[in-house]
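An overview of the molecular structure
Each chain, letter by letter, is given below.
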Amino acid sequence: MICSLGDLLLDVIVRLEGGIAEDTDTYGRTRVGAGGQAANVAAWVAALGGRARFVGKRARDTAGRLVFEELQGRGVDVVGPEVESGTGTVVSIATADGKRTMLSDRGVATELRPEELNDAWFESCARLHLPAYSLLVSPIREAAFAAAVLVPAVSLDLSSTAAIRTAGVEHLRGLVAELEPDIVFANEDEASLVGRLDVETLVVKRGARGCSVYENGDEREYPAGPVDVVDSTGAGGAFAAGFLLGRFELAVQAATRCVAQMGAMP
């Protein structure tokens with residue numbers, strides 16, 4: 001069982017056919033469904049044959065019911081406290097070249113408190129996977145640390161250069177040192193911003209150029225699979241899920257599958 005703790009959001013994907021035309025219509029394709037990095041990882045773990053549990057605070061509003069039912073329907077065990085309203089939304093704008101920009105409102109997800117956790121949620125978990133989003137604001141940060149002591153292993157994705165800069169690079173480095181994850185995932189920009197971390201395994205995702213794995217003093221380069229990129233939203237979560245279940249080969253398979261479709265979920 002792999003547990004992920006963090007955000008379950010309404011994900012709105014917009015893939016533009018061209019540039020944005022101001023003060024009139026801009027055409028493209030859209031997809032609406034469950035999202036949030038922690039939820040995405042859990043969905044991909046389940047899709048790749050693993051057992052997955054998502055832990056997070058969510059709302060009972062219309063959007064909250066939609067994303068809960070979708071994630072549960074994908075084979076993920078969904079647990080966590082509920083409130084009446086406040087489901088967050090992330091709007092991902094993807095351009096024709098596969099790049100994306102995200103507009104995020106995390107809603108009630110950041111309000112998860114350590115006293116709201118149930119130890120039983122983590123008893124069968126072999127690993128807790130955390131996006132850095134779950135470490136950079138309170139009270140979800142304290143909930144993440146409380147959960148981390150209940151599981152044998154913890155992995156971390158650095159998630160976002162914007163979130164890291166807002167919180168402070170040295171602050172994040174201190175949190176990583178305190179958390180002691182055995183695996184850290186980062187894209188090239190995140191890795192460059194944060195610098196080398198004292199962790200057992202560092203995986204740097206390089207998009208179409210594959211990835212680099214730094215482990216026990218060794219560096220290995222792995223190529224990406226051939227694919228026509230439709231939308232890169234969620235590729236990092238898919239890659240992380242694959243790596244945690246089956247190392248590099250399954251990670252590339254999952255990321256390749258993700259970018260060939262609209263949306264972050266499998």
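Figured I'd write up the structure that's included with this text. (Residues numbered from 1 in each chain as written. Predicted model: local features only at pLDDT ≥ 70, side-chain atom pairs only at ≥ 80, totals over all residues. Heavy atoms only, no water.)

**Examining the sheet that holds strand S8 (residues 89–94)**
As summarised here, the arrangement of the 4 strands in space is S3-S2-S8-S9, forming an open sheet in which the pairing is mixed. Of all strands in the sheet, those with a lone pairing partner are strand S3 (28–35) and strand S9 (100–105), marking the two edges. If you compare each strand with its neighbour and ignore which way they point, the axes differ by 15 degrees on average. The sheet contact formed by strand S2 (residues 9–16) and S8 spans 6 bridges and is parallel. Paired with Arg15 across the strands is Ala94, a residue of S8. Lying over the sheet, helix H2 (residues 62–73) contacts S2 and S3, oriented at roughly 80 degrees with respect to S3. (Pairing = 2+ DSSP bridges. Helix = DSSP H or I, 4+ residues; strand = E, 2+ residues; numbered from the N terminus. Axes fitted to C-alpha atoms, helices over the stretch in contact; angles between N-to-C directions. Contact = heavy atoms within 4.5 Å.)

**Considering the packing of aromatic side chains**
Using the criterion set out here, one finds 4 aromatic pairs in the structure. Ring centres 6.5 Å apart and planes at 85 degrees place the aromatic pair Phe185 and Phe239 in the edge-to-face group. Within this pair, whereas Phe185 is found in strand S12 (residues 183–187), its partner Phe239 is found in helix H7 (residues 235–259), the two being separated by 54 residues in sequence. A relative accessible area of 6% places Phe239 in the buried class. Note on Phe239 and Phe243: the rings are 6.4 Å apart at their centroids and 20 degrees apart in plane angle, and the pair reads as stacked. Taken together, the positions of Phe239 and Phe243, both in helix H7 and 4 residues apart, correspond to about one turn of that helix. (Phe/Tyr/Trp six-rings, centres within 6.5 Å; stacked < 30°, edge-to-face > 60°. Buried < 20%, exposed > 50% of the residue type's maximum accessible area, 1.4 Å probe, protein only.)

**Focus on the state of the cysteines**
Counting across every chain of the model gives 1 disulfide. Note that Cys3 is cross-linked by a disulfide to Cys125, the S-S spacing being 1.7 Å. Within this pair, whereas Cys3 is found in strand S1 (residues 2–5), its partner Cys125 is found in the loop between S9 and strand S10 (127–131), the two being separated by 122 residues in sequence. Residue Cys3 shares its accessibility class with Cys125, and that shared class is buried. Between Cys211, a cysteine without a disulfide, and Cys258, which holds the nearest cysteine sulfur, the sulfur-to-sulfur distance is 15 Å. (Disulfide = S-S within 2.5 Å.)

**Quick notes on the environment of Ala208**
Locating Ala208 in the fold gives a position in the loop between strand S13 (201–205) and strand S14 (211–215). For Ala208, a relative accessible area of 80% gives the class exposed. Taking C-alpha positions, Ala208 is 5.7 Å from Ala224, a pair spaced 16 residues apart along the chain.

**Examining unusual backbone geometry**
Cis geometry is found at the peptide bond from Ser138 to Pro139, where omega equals 5 degrees. Although it is not a glycine, Asp23 adopts a positive phi angle of roughly 65 degrees. One can find Asp23 in the loop between S2 and S3. Even without a glycine there, the phi angle at Arg247 is positive, about 60 degrees. Considering the arrangement of structural elements, one finds Arg247 in helix H7.

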